[in-house]
Amino acid sequence: MLASLLQNLINALQWGSFYALIALGYTMVYGVLTLINFAHGDVFMVGAYIAFFVASFLLAAVGLPGWAALVLAIPLTMLLTSLVGVSLERIAYRPLRRKGVDRLYVVITALMCGLILEHANLATFGASRKAFPTLLDEQVYTVAGVSVTNLKLAVIATALLVFLVLQRIVTKTRIGMAMRAIACDRFAVPLMGISVDTVIVATFALGSGLAGLAGLLFAMSYPILEPYMGALIGWKAFIAAVVGGIGDIRGAFLGGFLLGAVEIMVVAFFPSTFRDLIAFSVLMLILVWKPTGLFGVARTTKI
Amino acid sequence: MLLEVENLAVKYGNIQALHGISFHVREGEIVTLIGANGAGKTTTLYSIARLAPPEAPRVAGGDIRLRGHSLLATPPDQVVSRLGMALVPEGRRIFGKLTVEENLKLATYARGKDADLAHDFRRVFDLFPRLAERRAQRSESLSGGEQQMLAVGRALMTGCRFLLLDEPSMGLAPVLKFELFRTLKRLNEEGLTLLLVEQNASLALHLAHRGYVLDTGRIVASGTGAELLGNPEVKKAYLGG
Ligand SMILES: Nc1ncnc2c1ncn2[C@@H]1O[C@H](COP(=O)(O)OP(=O)(O)OP(=O)(O)O)[C@@H](O)[C@H]1O
Ligand SMILES: [Mg+2]
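The following refers to the structure shown. (Residues numbered from 1 in each chain as written. Chains lettered and ligands numbered in written order. Predicted model: local features only at pLDDT ≥ 70, side-chain atom pairs only at ≥ 80, totals over all residues. Heavy atoms only, no water.)

### Focus: the overall build of chain B
Stage number 1. When you go through chain B residue by residue, the secondary structure sums to 10 helices and 10 strands.
Stage number 2. Whereas a compact globule of 241 residues would reach a radius of gyration of roughly 18 Å, chain B reaches 17 Å, a difference of no more than 12%.
Stage number 3. For chain B, buried positions account for 52% of its 241 residues.
Stage number 4. Excluding contacts between residues fewer than 6 apart, the proportion of contacts in chain B whose partners are at least 24 apart in sequence is 67%. (Helix = DSSP H or I, 4+ residues; strand = E, 2+ residues; numbered from the N terminus. Rg over C-alpha atoms; globule rule 2.2 N^0.38 Å. Buried < 20%, exposed > 50% of the residue type's maximum accessible area, 1.4 Å probe, protein only. Contact = heavy atoms within 4.5 Å.)

Written out as structure tokens, the structure reads:
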């Protein structure tokens, strides 16, 4: 009984890590721009594909061993995926921002950007799925009836590490301070000699880089890639960010892990087809109870 | 010439707020802009600093030059970081979720590596000891007067040599108001040029070297502080008789 509980907990932490890493991108962009970047789930998908090409290239063309390919694939995937996010900002969101259009149009544009990424992928690589190469030899550790793979541990540890680093960036560094300042009063930020665009680009780069990291880890864990893999997980991560309190980094983690836990627990007691139904219902109840999310404070829009 | 405003015309949508005003500020001066509510003082400063709220004032004609650079062609953050101009905006606009210290630090973001930040922090805390006491507090929890001090302190931390102030004494108790004006005088003596917008015309004209009177988007009088204080029309309209 206890063993199965622990087993479920580890699985919940692993899925929570994926949700949290993706939720961060939603929450940071929202915090800075009050924009819900609905393309973010598809940026995660692109990240997984980038990881696929980078890893295949390093293994096959360069001939690196798996561990070395992994060490190189992490920064390369993050960098290339962050370029994707930054490009979306430059090509689509910034011109709209310059024109001062209503936020609704930017959100619709974000949705379209996501669809374009999905279908560009479909058009380029076809509907066939891609099998992600093995980078890490799987090892299973079994302690007191609870088994865990090295990959799961790595996923969970990565999410925790990201949390600590990000928390530090946001509270201690100048770019982090500028991100929080923009959330308070975007129009006063240039008075500090700070370019708002620079901070926005940094936010997109960071959020998309983390989506790339999530894409790599996800592809290693579930090595089948297809163009729509980012859609549902993106929605879930977005909901996790809202439930945690969108705009707050701690909220993204709390929401992500909460969603992971609810899902795994549902599957433990109900048929697995009930998973999303019950998970979403629970999250909806939390939002009805606390609409600003667990970490959220009501946001007064005073400008 | 430090600042030259030439035939500046500004609109909000179809509403013309400034009808081609011209004035200038020389290095080392204190210049004040006085006028009744709605005269266009804030609009003037917004246009210079290009603080862009949602319904931003749109420059419809004329030019603004700082040390010869047209500000209309310079991104507003570079006006601060490269040209050394700072603004204490109307309504303070401090970053409420950041602590006092973070607000001050943020203003040093764009400064060069060789800037003596320790010296500037000391100077701000000397000017406003209250801020030193409250440095770790979220700035939204400060009193209105303290927030005003923070807005001034924050502008100083940008390392500016030219400071625009929009009603900096708003909400300050009389004692603090005089203190702030003494501080401004001292900063000016240390080499800071000031362009001051004030409701309290008497106080402002006593402090300033020169002043301009703005009335519904037009400059209607100008002169030295003493001249304007002695001008019967100005007396009648802005100095209570
Ligand atoms: N966002 C805006 N949209 C439309 N009109 C505006 C806007 N802001 C200001 N105005 C108009 O422009 C004119 C000048 O306003 P401004 O705020 O510059 O006056 P002010 O001299 O600073 O007044 P106060 O002493 O009350 O601060 C006013 O007639 C005002 O109604
Ligand atoms: Mg005003």
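### Here we look at the side chain of A:Thr81
Stage number 1. As for its placement among the helices and strands, A:Thr81 is situated in helix α3 (residues 66–99).
Stage number 2. When sequence neighbours within four positions are dropped, the list of residues in contact with A:Thr81 reads A:Val43, A:Gly47, A:Ile50, A:Ser208 and A:Gly212.

### Overview of the pattern of salt bridges
Stage number 1. In total, this model carries 26 salt bridges over all chains according to the counting rule given.
Stage number 2. Of the charged contacts in the structure, one is a salt bridge between B:Glu6 and B:Arg65, with a shortest N-O distance of 2.8 Å. Highlighted residues: B:Glu6 in strand β1 (residues 3–12) and B:Arg65 in strand β4 (residues 58–66), separated in sequence by 59 residues.
Stage number 3. Look at B:Glu6 and you get partly exposed, because its relative accessible area is 39%.
Stage number 4. Beyond isolated ion pairs, a larger network of salt bridges with shared partners links A:Glu89, A:Arg94, A:Arg97, A:Arg98 and A:Asp197. (Salt bridge = Lys/Arg side-chain N within 4 Å of Asp/Glu carboxyl O.)

### Quick notes on the packing of aromatic side chains
The relation between two aromatic rings is expressed through the spacing of the ring centres and the mutual angle of the planes.
Stage number 1. Here the structure, examined in full by the defined rule, presents 22 aromatic pairs over all chains.
Stage number 2. Measuring from centroid to centroid gives 6.1 Å for A:Phe270 and A:Phe274, while their planes differ by 10°, and the two rings are stacked.
Stage number 3. Take A:Phe274: its relative accessible area is 35%, and that puts it in the partly exposed class.
Stage number 4. Just above the ring of B:Tyr109 sits the side chain of A:Arg174; from NZ or CZ to the centre is 5.4 Å. (Phe/Tyr/Trp six-rings, centres within 6.5 Å; stacked < 30°, edge-to-face > 60°. Lys NZ or Arg CZ within 6 Å of the ring centre and 35° of its normal.)

### Digging into the packing of helix α2 (residues 40–61) of chain A against helix α4 (residues 103–125) of chain A
Residue and element names in this part refer to chain A.
Stage number 1. One way to put it is that α2 packs onto α4 with a least axis distance of 8 Å and a crossing angle of 30°. Taken together, the residues of α4 that come into contact with α2 (itself represented by Asp42, Val43, Met45, Val46, Tyr49 and Phe53) are Gly114, Leu115, Leu117, Glu118, Asn121 and Phe125.
Stage number 2. By residue class, the composition of the contact of α2 with α4 is eight nonpolar, two polar and two charged. (Axes fitted to C-alpha atoms, helices over the stretch in contact; angles between N-to-C directions. Nonpolar A, V, L, I, M, F, W, Y, C, P; charged D, E, K, R; others polar.)

### Points about the interface of chain A and chain B
Stage number 1. Between chain A and chain B, the residue contacts involve 19 residues of the former and 25 residues of the latter.
Stage number 2. Both faces combined, the contact of chain A with chain B buries some 2,100 Å², and carbon together with sulfur accounts for 70% of it.
Stage number 3. By the criterion of area lost to chain B, the three top residues of chain A are A:Arg174, A:Leu191 and A:Met192, representing 33% of everything that side buries.
Stage number 4. Note that B:Glu102 is salt-bridged to A:Arg180, the shortest N-O span being 3.0 Å.
Stage number 5. Between the two partners, chain A and chain B, sit three residue pairs in polar contact (both at pLDDT 80 or more).
Stage number 6. Per-element tally for the side of chain A that touches chain B: the top contributor is helix α6 (residues 174–184) of chain A, with seven residues. (Buried area = accessible area lost by both parts, 1.4 Å probe. Polar contact = N/O pair within 3.5 Å; in protein donor to acceptor, adjacent residues only side chain to side chain.)

### A short note on the coordination of the magnesium ion (ligand 2)
All names here are of chain B.
Stage number 1. Listed as protein donors to the magnesium ion (ligand 2) are Thr42 (OG1) and Glu90 (OE); their distances from the metal cover 1.9 to 2.2 Å. Here Glu90 lies in the loop between β6 (85–88) and α3 (100–106) and Thr42 lies in helix α1 (residues 41–49), a separation of 48 residues in the sequence.
Stage number 2. Its relative accessible area of 30% is what places Glu90 among the partly exposed residues. (Donors = N, O, S within 2.8 Å, 3.2 Å for Na, K, Ca; no water.)

### Quick word on the pairing of strand β3 (residues 146–149) of chain A
On a regular strand, one side chain projects to one face of the sheet and the next to the other, so that they alternate.
Residues and elements named next belong to chain A.
Stage number 1. In terms of strand pairing, strand β2 (residues 140–143) meets β3 through four bridges, oriented antiparallel. Considered in β3, the bridge of Val140 is made with Thr149.
Stage number 2. The turn joining β2 and β3, which pair antiparallel and follow one another in sequence, is formed by two residues; a positive phi near 50° is taken by Ala144. (Pairing = 2+ DSSP bridges.)

### With respect to a nonpolar patch on the surface
Residue and element names in this part refer to chain A.
Stage number 1. A contiguous nonpolar surface patch, about 840 Å² in accessible area, is contributed by Val101, Leu104, Tyr105, Ile108, Leu111, Met112, Ile116, Leu232 and Trp235.
Stage number 2. Breaking the nonpolar patch down by element, the ones donating at least two residues are α4 and α8 (229–244).
Stage number 3. Here the element with the most residues in the nonpolar patch is α4; it accounts for six residues.
Stage number 4. Structurally, Met112 can be placed in helix α4. (Patch = residues over 30% accessible without salt bridge, like charges linked within 9 Å, V, L, I, M, F, W, Y side chains within 5 Å. Areas by Shrake-Rupley, 256 points an atom, 1.4 Å probe, with all protein chains shown as cover.)

### Brief notes about the site of ligand 1
All names here are of chain B.
Stage number 1. Around ligand 1, 14 residues are found, and the nearest of them are Lys41, Thr42, Thr43, Glu90 and Gln199.
Stage number 2. One of the side-chain N or O atoms of Tyr12 is found 3.5 Å from a nitrogen atom in ligand 1.
Stage number 3. Note that an oxygen atom of ligand 1 is positioned 2.8 Å from one of the side-chain N or O atoms of Glu90.
Stage number 4. When ligand 1 sits alone it has 630 Å² of accessible area, and the protein chains cover 68% of it.
Stage number 5. If you tally residues by element for the shell around ligand 1, the top one is α1, at three residues.
Stage number 6. Its residues assigned to classes, the shell around ligand 1 shows four nonpolar, six polar and four charged. (Near = heavy atom within 4 Å.)

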